[in-house]
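Descriptive analysis of the structure
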Amino acid sequence: MSDEKVIIGRNRYLAENGLGLASYTARKFPVYFFRWAVWLPNPGFLPTHDLHHVITGYRTGLIGEAEISAYELRGGCGSIMIFILCLGAIFFGMFVAPRRILRAWTQSRGARNLYRSKIPYEVLLDMKVGDLRQQLGLPRSGYRTNVE
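Everything in this summary refers to the structure shown in the same document. (Residues numbered from 1 in each chain as written. Predicted model: local features only at pLDDT ≥ 70, side-chain atom pairs only at ≥ 80, totals over all residues. Heavy atoms only, no water.)

1. What to know about the overall build of the protein chain
From N to C terminus, the protein chain includes 7 helices and 2 strands. Across the protein chain, helices and strands are ordered from the amino to the carboxyl terminus as α-β-β-α-α-α-α-α-α. For the protein chain, whose C-alpha radius of gyration is 14 Å, the value lies close to the compact-globule estimate of 15 Å for 148 residues. Along the three orthogonal principal directions, the C-alpha set of the protein chain runs to about 35 × 35 × 25 Å. (Helix = DSSP H or I, 4+ residues; strand = E, 2+ residues; numbered from the N terminus. Rg over C-alpha atoms; globule rule 2.2 N^0.38 Å.)

See below:
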């Protein structure tokens, strides 16, 4: 996967999770708390957040979102809303899988994320996953792949 283009990884991620590009421009997005959806205003960072899933290998769901939140919080949030969402996900994730969340926090030390990147999104999509990972200080293989 590290030799494929980011756009291929993003499209696979969206398809595997029943998501679509329309969510990027929607006015609101759901945050799930068990079975219940809480709809929040879309801060406009979902495309970047999804690329974080692609490059880290963290899945969706409570634990995966808490892991990605540890990575995003450690690398610098793009807005106060993302900061609050990350704290909330990490908080709940610590009750379910504290070791995984702590591992994600530890692994993310020194890594950067895309929230403050000057690279245009279209250019990011054309990059190879492994190259983008290296540029951001992640291992070329990502953090978690094929792990439940």
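Back to the text.
2. Here we look at the nonpolar core
Core analysis: the biggest nonpolar cluster contains 32 residues, and Val6, Tyr71, Leu132, Leu136 and Leu138 have the highest contact counts within it. Mapped by element, the contributors of at least two residues to this core are helix 1 (6-16), helix 2 (46-56), helix 3 (61-75), helix 4 (80-96), helix 5 (98-107), helix 6 (121-126) and helix 7 (129-135). With 5 residues, the single largest contributor to this core is helix 3. Dropping the residues within four chain positions of it, Leu138 is found in contact with Ile55, Thr56, Tyr71, Ala111, Arg112, Arg133 and Tyr143. (Core = buried A, V, L, I, M, F, W, Y, C linked by side-chain atoms within 4.5 Å. Buried < 20%, exposed > 50% of the residue type's maximum accessible area, 1.4 Å probe, protein only. Contact = heavy atoms within 4.5 Å.)

3. Focus on a nonpolar patch on the surface
On the surface, a nonpolar cluster with roughly 910 Å² of combined accessible area is contributed by Phe33, Phe34, Trp36, Leu62, Phe91, Phe92, Phe95 and Val96. Per-element tally for the nonpolar patch: the top contributor is helix 4, with 4 residues. Mapping Val96 onto the fold places it in helix 4. The exposure class assigned to Val96 is partly exposed, which follows from its relative accessible area of 48%. (Patch = residues over 30% accessible without salt bridge, like charges linked within 9 Å, V, L, I, M, F, W, Y side chains within 5 Å. Areas by Shrake-Rupley, 256 points an atom, 1.4 Å probe, with all protein chains shown as cover. Salt bridge = Lys/Arg side-chain N within 4 Å of Asp/Glu carboxyl O.)

4. Thoughts on the packing of helix 1 against helix 2
At their nearest, the axes of helix 1 and helix 2 sit 9 Å apart, and the two run at 100 degrees to each other. In terms of their interaxial angle, helix 1 and helix 2 are classed as roughly perpendicular. In this structure, helix 1 uses Val6, Gly9, Arg10, Tyr13 and Leu14 to contact helix 2, whose residues at the interface are Asp50, Leu51, His53 and Val54. The class makeup of the residues in the contact of helix 1 with helix 2 is 5 nonpolar, 2 polar and 2 charged. (Axes fitted to C-alpha atoms, helices over the stretch in contact; angles between N-to-C directions. Parallel < 35°, antiparallel > 145°, perpendicular 65-115°, else oblique. Nonpolar A, V, L, I, M, F, W, Y, C, P; charged D, E, K, R; others polar.)

5. Section: helix 2
Among the 11 residues in helix 2, 11 count as buried, and that is most of the element. Taken as a whole, helix 2 has its buried residues at Leu46, Pro47, Thr48, His49, Asp50, Leu51, His52, His53, Val54, Ile55 and Thr56. Of the surrounding elements, those touching the buried residues of helix 2 are helix 1, strand 1 (28-33), helix 3, helix 6 and helix 7. Remark: Gly57 follows helix 2 within two positions and exhibits a positive phi of approximately 90 degrees.

6. Here's the deal with the packing of aromatic side chains
Applying the stated criterion to the full structure yields 5 aromatic pairs. Between Tyr58 and Tyr143, the ring centres sit 5.8 Å apart and the planes meet at 25 degrees, which makes this aromatic pair stacked. Of this pair, Tyr58 sits in the loop between helix 2 and helix 3 while Tyr143 is found in the segment after helix 7, placing the two residues 85 residues apart along the sequence. Across the pair, exposure class does not vary: Tyr58 and Tyr143 are buried alike. Pairing Phe91 with Phe92 gives two aromatic rings, centres 5.3 Å apart and planes at 80 degrees, and the pair type is edge-to-face. Taking the relative accessible area as the measure of exposure, Phe91 reaches 49% and is therefore partly exposed. (Phe/Tyr/Trp six-rings, centres within 6.5 Å; stacked < 30°, edge-to-face > 60°.)

7. A look at helix 3
With 15 residues, helix 3 ought to run about 21 Å at 1.5 Å a step, and its terminal C-alpha atoms sit 21 Å apart, in line with that. Those residues of helix 3 that fall on the buried side of the exposure criterion are Gly64, Ala66, Glu67, Ile68, Ser69, Ala70, Tyr71, Glu72 and Leu73. The elements touched by buried residues of helix 3 are helix 2, helix 4 and helix 5. Just beyond helix 3, the residue with positive phi is Gly76, at close to 105 degrees. (Expected span 1.5 Å × (residues − 1).)

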